[in-house]
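This is what each chain is made of:
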Amino acid sequence: MRHLHTRSPRRRIVGLLTASLLCTAGLAAPAVAAPAAQPAAPALDDGLALTPPMGFNNWNSTNCRAEFNESMVKGIADLFVEKGLQDAGYQYVNLDDCWALPERDADGKLVPDPVRFPHGIKAVADYVHSKGLKLGIYTSAGTKTCNSAGFPGALGHEYSDAQQFADWGVDYLKYDNCNNQGVDAKLRYTTMRDALKATGRPIVYSICEWGENKPWQWAADVGHLWRTTGDISDNWGSMLGILKQNLPLAEYAGPGHWNDPDMLEVGNGGMTDTEYRTHFSMWSVMAAPLLIGSDLRTASQETFDILDNKEVIAVDQDPLGKQGAVVSSAGGRWVVSKEMKDGSRAVALFNESGTAQRIATTAAAVGLPQASAYTLRDLWQHKSYNTAGTISATVPAHGTVLVRVAADRRWATHPPAVELGLSGSPLLQAGKAATLTSAVTDLGRTPAKHVSVRLTGPEGWKVRATSPTASAGLPTGRSLRTKWSVTAPAGTPPGSYDLTLRASYRSPTGARADSSVPLTALVVVPPPSGTSGLGDLTWMSATNGYGPVERNTSNGESAAGDGHPITIGGVVYDKGLGVHAESAVEFYAGKACEKVTADVGVDDEKGANGTVAFEIWADGTKVASTGVLTNAMPAQPLTADVTGAEVIRLVVTDGGDGIDSDHADWAGAQLTC
Ligand code: GLA
């Protein structure tokens, strides 16, 4: 839906409305009297934010702590220049909440906090501008901002506050949603748009109403970007949840109007560098704003290396301005492809799961034209290869392989891409030799020559090849398969361990190429004989749609150990697994078990909306399942014959309607071996 543009009469109506609403808080806003319908512009036609904004915002690293002050902001501006981040495209240095005093002055003007900003905001803006950078500021489309100290918001003061920002030399406004008095969101955000426009200063306008009113449907000609979700926090679950909410909105993004999945957490310490590379890769493939959220004054070299990856930034900043779209997703294996202005595609192979997985697609599937071969550029390795059309890799747990693939004529100047991986299950018991098989496959149009391969394990592990580790030449699509005897020392605790597979080879031109991939091996314990509760056994892996899988309680909320007694239709069970769709829990059965039994259903702990379906898999075969079960149904008994299975997988799907309220129980689940 589009809103209407008739500026002057409307401005007056809005002003009156907000004023009267402020006096009668609690009343819903009546609709603004709408002038006769006119065609609306598809986006703000002001030439701003033609690519997603890049810069810094203090919120994710400081919140309102005292270290958020003039010297921090200046320090960040200095580092933008010194560390080359400005050259990489970072431009906006943005202040978040808590820069002002709680009270306006006698003239209704905003007052910068004299302790944090002793020289005022204009002085900070002048400093930032002197470096060739731009300054951003924050307030809320409400009576107060979000912080509980209650700093003034701009609702009812839009024109005066916008003018004050412009007078200070502000170039970017983040406009939040707290204390909005129930006034219609479109009305609040449009009023500030018009107020900013009235200043005559070009100001990027960032709508921060957390996706509550689906701004992607109405804000293209209101702001340059709009938050699509609640606040990010510095952990894998938060980042992943936001990523999944923002991915389906691809069609709404474009030059001057972007989806905003919130600011970056890269470098804040709550995720691994692999996870931060995923965060940065996926934000770039989604054409998201890249607002650094870590304090660069104390950031590690690794953090700078991620934030400064110009090939990844070029994906984000591509002038065509398309947000990448999901090509496929199954079993935690995501393929997301972004069309680029030069006709190439940026392709993210993203592994949501906790173990290394092969993720594969093709040039045709990501929309590239038919060609005999393509150039494939790895944007984290900074290396180019040729491929006959397959785009695939073994991607580490929580990792992303980001490539740019083009149907260009120069493909033959690059060595062939090879894919490295393990075939078969990387399972072993401590102290016992297991056989793993590695594969090195030529994906290129040209052959890989003089191929040799090497596998290494953690300190103390024995790894020995039991079949050839070299091949004179591999043509397109062919593999060198090598068997390895791998032994983890006796007493190695169950869990996942890193192996590294390395290959070196020559391209037909003689150029040497090296490739390596981190792999996961799982040390497992054989199941006890007799009948055991699954809630008491060690699992091999567990994925869950909300928070962690819980032992012998319901799923509860997102924290570990916050479940309740498992309860389905009023019946309480003291044992079992509490999960949330989409979920999969894997147990090692070692070909020694016969039977899984459980009473399954939707837990009583959430409202009536939960709908799920249960499946039990024995290796690659589904051996038992239910139809869709709802919260209104009693527990259903489920029995599966798992004779001969090495791995048993308990799966809960969302019943076809998304995962909202899908708290599912494997009540009283038992394994008999
Ligand atoms: C809201 C916003 C955050 C941040 C805080 C500041 O939560 O969504 O991004 O600006 O307010 O109080």
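Details of the structure are given in the entry above.
This write-up is about the structure you can find in this document.

The rules behind the values
- Residues numbered from 1 in each chain as written.
- Predicted model: local features only at pLDDT ≥ 70, side-chain atom pairs only at ≥ 80, totals over all residues.
- Heavy atoms only, no water.
- Near = heavy atom within 4 Å.
- Polar contact = N/O pair within 3.5 Å; in protein donor to acceptor, adjacent residues only side chain to side chain.
- Areas by Shrake-Rupley, 256 points an atom, 1.4 Å probe, with all protein chains shown as cover.
- Nonpolar A, V, L, I, M, F, W, Y, C, P; charged D, E, K, R; others polar.
- Pairing = 2+ DSSP bridges.
- Helix = DSSP H or I, 4+ residues; strand = E, 2+ residues; numbered from the N terminus.
- Axes fitted to C-alpha atoms, helices over the stretch in contact; angles between N-to-C directions.
- 1 Å grid on protein atoms, 1.4 Å probe; cavity = no way out; pocket = protein on both sides within 12 Å on 5 of 7 lines; lining within 4 Å.
- Points joined across faces, edges and corners; volume = space filled by probe spheres on them.
- Disulfide = S-S within 2.5 Å.
- Buried < 20%, exposed > 50% of the residue type's maximum accessible area, 1.4 Å probe, protein only.

To continue, consider the site of the ligand. Around the ligand, the neighbouring residues are W59, D96, D97, Y138, C146, N147, K174, D176, C208, W210, R227 and D231. Within the side chain of D97, a nitrogen or oxygen atom sits 2.8 Å from an oxygen atom of the ligand. Note that an oxygen atom of the ligand is positioned 2.8 Å from one of the side-chain N or O atoms of D176. Within the complex, 93% of the 310 Å² of free accessible area of the ligand lies under protein. Residues of the shell around the ligand, tallied by class, amount to five nonpolar, one polar and six charged.

Take the sheet that holds strand β17 (residues 418-423) next. Two pairing modes exist for strands in a sheet, parallel and antiparallel, and in both the strands are linked by backbone hydrogen bonds. The strand order β17-β19-β23-β21 describes an open sheet built from four strands, whose pairing is antiparallel. Each edge of the open sheet carries a strand with a single partner, namely β17 and β21 (462-465). For this sheet, the mean inter-axis angle between neighbouring strands, taken without regard to orientation, is 25°.

In total, this model carries three cavities of 30 Å³ or more according to the counting rule given. By volume, the largest cavity is sized at about 70 Å³. Of the volumes computed, that of the second largest cavity is approximately 50 Å³.

Let us now look at the state of the cysteines. Evaluation of the coordinates by the stated rule reveals three disulfides. The disulfide partner of C64 is C98, and the gap between their sulfur atoms is 1.7 Å. Measuring handedness by torsion sign, the sulfur bridge of C64 and C98 sits at about 45° and is right-handed. You can see C64 sitting in the loop between α2 (59-62) and α3 (70-82) and its partner C98 sitting in the loop between β2 (92-94) and α5 (120-130), a full 34 residues away along the chain. Owing to a relative accessible area of 19%, C64 belongs among the buried residues under this scheme. Disulfide pairing places C593 opposite C673 at an S-S distance of 2.1 Å. Taking the sign of the S-S torsion, 80° for the link of C593 and C673, the bridge is right-handed. Residue C593 is found in the loop between β32 (583-588) and β33 (595-602), and its partner C673 is found in the segment after β39 (663-672); the two are separated by 80 residues along the sequence. Under the relative-accessibility criterion, C593 is labelled buried at 2%. On the basis of relative accessible area, C673 is assigned to the buried category, the value being 17%.

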